[in-house]
Each structure stands twice: as C-alpha cells, then as structure tokens.
Amino acid sequence: MQFFSCPSGATLSYGKAGKGPPLVLVHGSFSDHETNWAMVRPALEEHFTVYAIARRGRGKTTSGPSLAEEAEDLAAFLASLAEPGYLLGHSYGAQVALRAAADSPRHIRKLVLYEPPWPDTAAPEVLVRLKQRAEGSDWNGLAEDFFSEVLGLTADDIDDLRIADAWPSIVSDAEASLNDILALCSYRFDPATFRDLQVPVLLQVGTESPRHAFATDALANNLPHVEIQELEGQAHEAMNTAPRLYAETTTRLLLGN
C-alpha cells in the first residue's frame, strides 16, 4: 500500500499496479479498494496504471468526514499524478469522483460514474433503523436492511451474495458504510451545478437496477459532454457479476477502440 499526504493534512492510502495511462478507481460503500475491484483489476492493469484509492475508514486513509472533503483530497491526489488520468467512481464513490472532477477538471481525461446515488435514497425511517442496528453493533442486520430496503435486493439476492463469499467483506465494511450513508444524506447535491464541467463523462447504469435511486438520468440532462452505457442484465455490481464484460467494455470506451 502506498500513501499520499493531502494539503488538508489527511492521508490517502492506495494500491498501484499495471502499465499505461493512469486510471483512478474510487470504490463504493460496503466494499473497499480491494474487494470492489478484485475481479476486474487484472484486466484493467493490462491497459492502465491502476490506482485503487482506499476511501475514508478503509486502509490507512484519514480523509475528512464529509463528501466534499473526501472529494477535495481526491482532487489533490489527481493533481499530483504525472499526467491527466481516467477517473472511475462506483456508487458513493461516483459522487466523490464527480465532485473531485469539478474541483480539478484539467487533471482528468474522462470520468466514469457507475450509478451515483441520490442523497435521499435512504428514507428517514430506514436511516433510523440503520442507526439502531449500529448502536447494537448489528452490522449483519445493518447490511441486510440497506441491501433490501435501499438497493431493493430480495432475500434470494442476499443469499446469492452469501454463497459467493462476498457477505463477510460486506458486513465488515458496514460501520464505515454507515458513515458514508450519513455523509451522503447531508451532502447538498444539485446536478445543475455540473453544467459547466468540460470533462467527457460516461454514465454507467445496470438495466436491472432501481434506476430512480440513482442520479444517472438527471446528470445526463445537465452534463455537456456525456454518454450513457446501459449494462444489459446487470444491476449495481457489474464489476463483480460480469467482470470480463465490464472490464472489456469500460476499457474500450475509455481508450476509444
């Protein structure tokens, strides 16, 4: 693991591997810099120098408690690279990546946002329940409530995650993820504020996802240089459910071949 000291005084930790132009990966909640990308990193590293950022509460990262502060630290990291890079954010990480791109657009070749959530995706009563789970250190229950009541997964879907051995890592990240959820809820997000972003943006969305939960279409209506990629048959985790397809299509769209 490598480290970057931010002007804010925070520390970002990250993994680096591969060859080619920089590709910075920003993971979502209920995952970290390793688990979010484990299935696709080997393929991406054939074409890019991949920087997998560990967000707040993961690795040795000490970034600030708000989404905006996370984005400022990410923007500083992007500015430190030897050349402009590609930036890919998933879920909560997509919101962080979008804000960082607005803070430091000249350091980004292309921005990929995979289903950035709306700040009010979790209903108030769900937030209360998640906090109650946390107070009792019931991280398994917190993860189940979030995946079922926010992401719309069925009991069978959750059982599939358990069978795939993904559940332990999801539960272990639940405490940090609750902090993400609370930070997102307090974030003032208006898609119209990004109308002047002169970075090419690829918006990825799964055809099986609850599309209303994500800001994809609102951003498509406001960003000046944007295209949407629908991931056929996929939901919120295509990099894990269809890793080869995800790596190949994302690489092709980034490099234009």
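Throughout what follows, the structure given in this document is the object of discussion.

Reading guide: rules and limits
- Residues numbered from 1 in each chain as written.
- Predicted model: local features only at pLDDT ≥ 70, side-chain atom pairs only at ≥ 80, totals over all residues.
- Heavy atoms only, no water.
- Axes fitted to C-alpha atoms, helices over the stretch in contact; angles between N-to-C directions.
- Helix = DSSP H or I, 4+ residues; strand = E, 2+ residues; numbered from the N terminus.
- Parallel < 35°, antiparallel > 145°, perpendicular 65-115°, else oblique.
- Left-handed = near helix turned anticlockwise from the far one by under 90°.
- Contact = heavy atoms within 4.5 Å.
- Nonpolar A, V, L, I, M, F, W, Y, C, P; charged D, E, K, R; others polar.
- Phe/Tyr/Trp six-rings, centres within 6.5 Å; stacked < 30°, edge-to-face > 60°.
- Buried < 20%, exposed > 50% of the residue type's maximum accessible area, 1.4 Å probe, protein only.
- Lys NZ or Arg CZ within 6 Å of the ring centre and 35° of its normal.
- Polar contact = N/O pair within 3.5 Å; in protein donor to acceptor, adjacent residues only side chain to side chain.
- Expected span 1.5 Å × (residues − 1).
- Pairing = 2+ DSSP bridges.
- Salt bridge = Lys/Arg side-chain N within 4 Å of Asp/Glu carboxyl O.

Looking at the packing of helix α5 (residues 139-149) against helix α6 (residues 155-163)
Piece 1. For the pair α5 and α6, interaxial distance at closest approach is 10 Å and the crossing angle is 130 degrees. Between α5 and α6, the crossing angle belongs to the class labelled oblique. For the element pair α5 and α6, the recorded crossing hand is right-handed. Listed contacts from α6 to N140, E144, F147 and S148 of α5 are I158, L161 and R162.
Piece 2. In the contact of α5 with α6, the residues fall into three nonpolar, two polar and two charged.

Some thoughts on the packing of aromatic side chains
Piece 1. By the definition in use, this model includes 13 aromatic pairs.
Piece 2. When the ring of F30 is compared with that of F147, the centres are 5.3 Å apart and the planes differ by 75 degrees; the resulting orientation is edge-to-face. Note that F30 is positioned in the loop between β3 (22-26) and α1 (41-44) and F147 in helix α5, a separation of 117 residues in sequence.
Piece 3. Assessed through its relative accessible area of 6%, F30 is described here as buried.
Piece 4. According to the relative accessible area criterion, F147 is buried, its value standing at 7%.
Piece 5. A cation over an aromatic ring shows up here: R162 above the ring of W167, its NZ or CZ 4.8 Å from the ring centre.

Structural notes on the side chain of R55
Piece 1. Note that R55 resides in the loop between β4 (49-54) and α2 (67-80).
Piece 2. On the basis of relative accessibility, which here comes to 2%, the residue R55 falls in the buried class.
Piece 3. Here E70 takes part through its side chain, which lies 3.2 Å from a polar atom of the side chain of R55.
Piece 4. Contacts of R55, omitting those with residues within four sequence positions, involve V26, H27, G28, S29, T61, E70, Y92, G93 and D180.

As for helix α8 (residues 174-185)
One full turn of an α-helix is made of 3.6 residues, so residues set three or four places apart face in the same direction.
Piece 1. For α8, which comprises 12 residues, the first-to-last C-alpha distance of 16 Å matches the rise-based estimate of 16 Å (1.5 Å per residue) to within 8%.
Piece 2. When α8 is considered as a whole, its buried residues turn out to be A174, A176, S177, L178, D180, I181, A183 and L184.
Piece 3. Looking at the packing, one finds that the buried side of α8 touches α2, α3 (92-103), α4 (124-135), α5 and α7 (167-172).

A look at unusual backbone geometry
Piece 1. Residues other than glycine seldom take positive phi values, yet F30 does so here, at roughly 55 degrees.
Piece 2. One non-glycine residue, S91, lies in positive phi territory at about 60 degrees.
Piece 3. For S91, the position within the fold is in the loop between β5 (85-90) and α3.
Piece 4. Exposure remark for S91: the relative accessible area of 12% places this residue in the buried category.

A look at the sheet that holds β4
Piece 1. One open sheet holds the eight strands; their spatial order is β1-β2-β4-β3-β5-β6-β7-β8, and the pairing between them is mixed. Two strands bound the open sheet, and with one partner strand each, they are β1 (2-5) and β8 (226-231). Averaged over neighbouring strand pairs, the angle between their axes works out to 25 degrees when direction is ignored.

A word on the pattern of salt bridges
Piece 1. Applying the stated criterion across every chain, the model contains 17 salt bridges.
Piece 2. Note that D180 and R55 form a salt bridge whose closest N and O atoms lie 2.6 Å from each other. With D180 in helix α8 and R55 in the loop between β4 and α2, this pair connects stretches of sequence that are 125 residues apart.
Piece 3. Overall, the relative accessible area of 0% leaves D180 in the buried class.
Piece 4. Notably, a salt bridge pairs E248 with R244, separated by 3.2 Å at the nearest N-O pair. Here R244 and E248 lie together in helix α11 (residues 243-255), a separation of four residues that amounts to about one turn.
Piece 5. Taking relative accessible area as the criterion, E248 reaches 43% and is therefore assigned partly exposed.

A short note on the packing of α4 against α5
Piece 1. Axis separation between α4 and α5 bottoms out at 8 Å; the angle between their running directions is 160 degrees. With respect to their mutual orientation, α4 and α5 come out roughly antiparallel. Of the two elements, α4 crosses α5, and the hand of that crossing is left-handed. Across from V126, R129, L130, R133 and A134 in α4, the residues of α5 making contact are W139, G141, L142, D145, F146 and E149.
Piece 2. Counted by class, the contact of α4 with α5 contains six nonpolar, one polar and four charged residues.

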